[in-house]
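# Tertiary structure, described
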Amino acid sequence: MDANSMEEVGDKMDSSPAPHKERWNSNADSEQEHTQIIKIKRSGSVSSSGSSSRNVGRRQHLRGLMYDRLVAPLQRHWLLTIFAVAFIVTLAGGINASFGFYKRSSSVFTTYAQMRPTRVSSVAVIENLRGMVFSNLVGNPAQFATWSSGLKSKGIDPYLAAIPALAAQLAIDTNPPVYRAYVARKSSSISDYTVEDLLASDLLNTVVEGAQIALNYMNYGALTPSVVASISELRFLTDNWEPVILACRDMLKAPLNDYIVTNGSIALLLWCWFAGSLAVLLMALALVDRKLLHEFFNNQTIVVGLVQQVPRIAAADLVMQFEEAIEDFIAINGVDDGEDGLNVRGAGNVQKQLEKASLSTSRSGSSTNRQSERLESRTRQIKTRIIAGIAVIALSVASIYIFTLRTLDIASYVEYLIQSTDRRQNIITLRLVTREFFSGSSAIDPGLLVTMARGQISDTLALHNELTGPLALFMPNETRWTRDCTPTSPLYCATMVENSSIGWTRSLASVTMDTEILRFLQVATTVVDGMAAIPRPNPLDTSSALYKNWLLLLALSSDLQTRIFNAHSTLINTSQLEINANQAGTVVMFVTALVIAAAGYATLYFGVLRPLHRDAHAVITLIHHVPEPVVQKDVPKLLRFMESGGASLEVAASGEEDAAM
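All of these numbers come straight from a predicted model, not from anything done at the bench. (Residues numbered from 1 in each chain as written. Predicted model: local features only at pLDDT ≥ 70, side-chain atom pairs only at ≥ 80, totals over all residues. Heavy atoms only, no water.)

When its secondary structure is counted, the protein chain shows 21 helices and two strands. A buried classification covers 43% of the 661 residues belonging to the protein chain. Put simply, of all contacts in the protein chain between residues at least 6 apart along the chain, 83% involve residues at least 24 apart. With an accessible surface of roughly 33,000 Å², the protein chain has 58% of that area assigned to carbon and sulfur atoms. (Helix = DSSP H or I, 4+ residues; strand = E, 2+ residues; numbered from the N terminus. Buried < 20%, exposed > 50% of the residue type's maximum accessible area, 1.4 Å probe, protein only. Contact = heavy atoms within 4.5 Å. Areas by Shrake-Rupley, 256 points an atom, 1.4 Å probe, with all protein chains shown as cover.)

With that settled, consider the packing of aromatic side chains. Overall, the coordinates contain 11 aromatic pairs when judged by the stated rule. Pairing Phe-101 with Tyr-259 gives two aromatic rings, centres 6.1 Å apart and planes at 10 degrees, and the pair type is stacked. Note that Phe-101 is positioned in helix H4 (residues 79–138) and Tyr-259 in helix H9 (residues 232–307), a separation of 158 residues in sequence. Ring centres 5.7 Å apart and planes at 65 degrees place the aromatic pair Phe-274 and Tyr-401 in the edge-to-face group. Residue Phe-274 is found in helix H9, and its partner Tyr-401 is found in helix H12 (residues 365–407); the two are separated by 127 residues along the sequence. Across the pair, exposure class does not vary: Phe-274 and Tyr-401 are buried alike. Three or more aromatic residues joined by ring pairs make a cluster, and in this case those are Phe-99, Phe-101, Tyr-102 and Tyr-259. (Phe/Tyr/Trp six-rings, centres within 6.5 Å; stacked < 30°, edge-to-face > 60°.)

Here we take up the layout of surface pockets. Approximately 1,400 Å³ is the volume found for the largest pocket. In terms of lining residues, the largest pocket is bounded by 49 residues, among which Arg-431, Leu-554, Ala-555, Ser-558 and Asp-559 are the most central. Mapped by element, the contributors of at least two residues to the lining of the largest pocket are H4, helix H5 (141–154), helix H13 (410–438), helix H15 (476–479) and helix H18 (545–625). Of the residues forming the lining of the largest pocket, the biggest block, 12 residues, is contributed by H18. Its residues assigned to classes, the lining of the largest pocket shows 23 nonpolar, 17 polar and nine charged. Of the voids in this model, the second largest pocket is the one considered here, and its volume is about 510 Å³. Along the walls of the second largest pocket sit 24 residues, with Ile-390, Ile-393, Ala-597, Gly-600 and Tyr-601 positioned nearest its centre. Those elements that place two or more of their residues in the lining of the second largest pocket are H4, H9, H12 and H18. In terms of residue class, the lining of the second largest pocket is made up of 20 nonpolar, three polar and one charged. (1 Å grid on protein atoms, 1.4 Å probe; cavity = no way out; pocket = protein on both sides within 12 Å on 5 of 7 lines; lining within 4 Å. Points joined across faces, edges and corners; volume = space filled by probe spheres on them. Nonpolar A, V, L, I, M, F, W, Y, C, P; charged D, E, K, R; others polar.)

Next up on the list: the packing of H13 against helix H17 (residues 513–533). H17 packs onto H13 with a crossing angle of 30 degrees between their chain directions and a minimal axis gap of 12 Å. Judged by the inter-axis angle, H13 sits roughly parallel to H17. Read as a crossing pair, H13 and H17 show a hand that is left-handed. Seen from H13, the contacting residues are Arg-423, Ile-427, Leu-430, Thr-434, Phe-437 and Phe-438; seen from H17, they are Met-513, Ile-517, Phe-520, Ala-524, Val-527 and Met-531. (Axes fitted to C-alpha atoms, helices over the stretch in contact; angles between N-to-C directions. Parallel < 35°, antiparallel > 145°, perpendicular 65-115°, else oblique. Left-handed = near helix turned anticlockwise from the far one by under 90°.)

Judged by side-chain polarity, Val-587, Val-591 and Val-595 come together as a nonpolar surface patch covering roughly 230 Å² of accessible area. For Val-591, the location among the structural elements is in helix H18. (Patch = residues over 30% accessible without salt bridge, like charges linked within 9 Å, V, L, I, M, F, W, Y side chains within 5 Å. Salt bridge = Lys/Arg side-chain N within 4 Å of Asp/Glu carboxyl O.)

Quick look at the nonpolar core now. Grouped together as the largest cluster of nonpolar side chains are 153 residues, with contacts concentrated most on Trp-504 and Leu-638. With 28 residues, the top contributor of residues to this core is H9. Look past the residues within four positions of Trp-504 in its chain and what remains in contact with it is Met-496, Val-497, Glu-498, Asn-499, Ala-509, Glu-516, Leu-552, Ala-555, Leu-556 and Asp-559. (Core = buried A, V, L, I, M, F, W, Y, C linked by side-chain atoms within 4.5 Å.)

Once that is clear, we can look at H4. In a regular helix each residue adds 1.5 Å, so 60 residues correspond to 88 Å; H4 covers 89 Å between its end C-alpha atoms and thus fits that length. Looking one or two residues past H4, Gly-139 carries a phi angle of roughly 75 degrees, positive in sign. (Expected span 1.5 Å × (residues − 1).)

Put into structure tokens, the structure is as follows:
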């Protein structure tokens with residue numbers, strides 16, 4: 001027996017005629033019957049209450065199912081956590097590659113600075129050693145004192161300075177180059193040589209050994225050409241100073257060239273990390289678009305379509321009821337919508353959904369089309385906002401790598417440094433070659449010295465032509481600007497000693513570095529032309545025009561050696577400042593990208609997904625406020641939807657997935 005039947009029984013019992021009461025009072029049977037009837041009435045009341053509770057619980061359960069199925073696509077937002085982790089991983093990988101590149105870019109200049117003394121000291125040892133011999137040959141004690149003092153200061157330096165250089169070279173090249181050297185055979189009757197291929201470290205050791213031996217001949221007149229020829233270590237330096245200088249130059253260039261070669265692979269790695277970050281963003285966008293928003297709006301379209309079938313009169317009544325309820329709520333609480341930030345969101349969303357439904361129900365198909373257009377317009381707005389956010393994040397990520405890729409330009413500065421270093425070395429080598437010619441020594445054939453000098457001039461001019469434009473743009477102060485070489489200038493030419501008889505004046509020293517290099521090459525060409533015209537000059541004849549031009553060549557060479565060295569220091573310092581600035585920019589943009597990405601995720605969750613959850617709650621609430629008689633009579637599809645707990649939403653979702661497959 002159901003609850004209604006039980007209530008009818010109780011009602012009938014309550015309406016029985018009065019004679020029954022007399023029988024209840026007259027005998028025990030009447031009392032027992034009275035008790036039984038009371039039990040029946042109580043049982044009917046309890047059964048009716050339980051049935052009503054079950055109905056309420058069932059409706060709440062179905063309502064919860066409808067809501068869960070409607071917002072099921074939005075619940076997948078946890079998948080964005082996977083993409084967030086992947087995004088952070090790609091960013092971390094890119095940052096690690098960037099900082100590795102910054103560290104490497106800084107270390108290449110540090111390595112250069114460590115290796116530079118090796119070449120400077122090696123050349124100085126050879127030049128001082130030969131200068132001591134030449135001074136003894138021409139009988140000039142003052143020059144001997146200068147050269148011997150220089151040898152003392154450089155005697156041990158090459159080996160110590162070469163340690164980091166050799167380590168860097170061996171770390172880069174497992175098969176380092178070898179250099180052809182000639183070792184004189186010990187024979188009194190013939191002059192012959194043994195060929196040996198030596199490593200840079202071996203050649204450097206010969207420089208150190210020769211310097212240590214020469215330190216035993218520090219008295220004037222002791223180190224003569226015959227003594228040098230009799231000592232194998234000193235003879236080796238005399239015969240092989242050119243490959244020694246070449247080995248030191250190449251050793252200096254090894255890490256610089258390696259830096260240039262590997263820059264391409266580093267750039268590719270950075271592009272890969274950036275592409276990975278971009279791919280993660282695009283996949284996250286696809287997830288939000290297809291799996292969250294698209295499926296949710298499909299579900300919402302289905303539900304709104306069912307609501308649109310509610311008769312217009314019933315919908316209008318519901319609107320009025322909600323308006324009255326909201327007004328009562330405001331009146332009771334004494335607040336206005338929006339006051340102190342208070343907003344009746346739930347009721348407001350329900351009212352909006354209901355108003356849309358009342359305007360579109362029981363109308364023509366054009367009204368339904370307008371409702372669909374409104375939904376599509378809202379969908380486009382949300383997607384546009386999301387795409388704009390992804391674009392902003394992508395731009396912030398790109399800005400990280402822009403700073404790093406800009407640092408790749410440092411490779412061009414390294415190339416300039418290599419070329420300028422070679423140019424400087426050629427200028428020094430020209431000084432050594434011409435000094436060997438004008439010293440009066442017969443250790444090296446004059447014709448060979450001329451060919452060596454011609455080669456140095458040609459190489460120096462070619463390097464200068466390549467460097468003139470780039471260095472003028474990069475550091476015009478050092479290359480294109482004149483310098484103040486007046487006697488009172490505290491910055492330049494402070495130790496300069498003028499010699500107007502050879503043309504070395506402060507006016508010439510004040511010209512730009514590029515102009516001075518061209519002047520040096522002009523003088524060098526004139527000197528070599530003179531070298532080719534005579535077998536060998538008399539070292540004691542210091543009045544000839546050729547000798548004076550050679551003295552001017554020496555003065556220009558020494559001055560340019562200092563100027564180019566200072567230009568290299570400026571190039572290194574400027575490059576280091578640029579590296580530091582780009583590294584700081586990378587850090588700032590990395591933090592900015594993370595902040596923007598976090599803000600984008602928060603905006604997506606709180607600005608898009610949460611409002612859609614509220615809309616879903618509103619439309620489900622709306623459905624359950626439609627009078628049940630109206631639903632049963634006029635909207636059978638809505639009734640089936642409610643009774644199934646929105647099962648059709650799952651069917652629609654599975655059908656769309658099958659279609660996509």
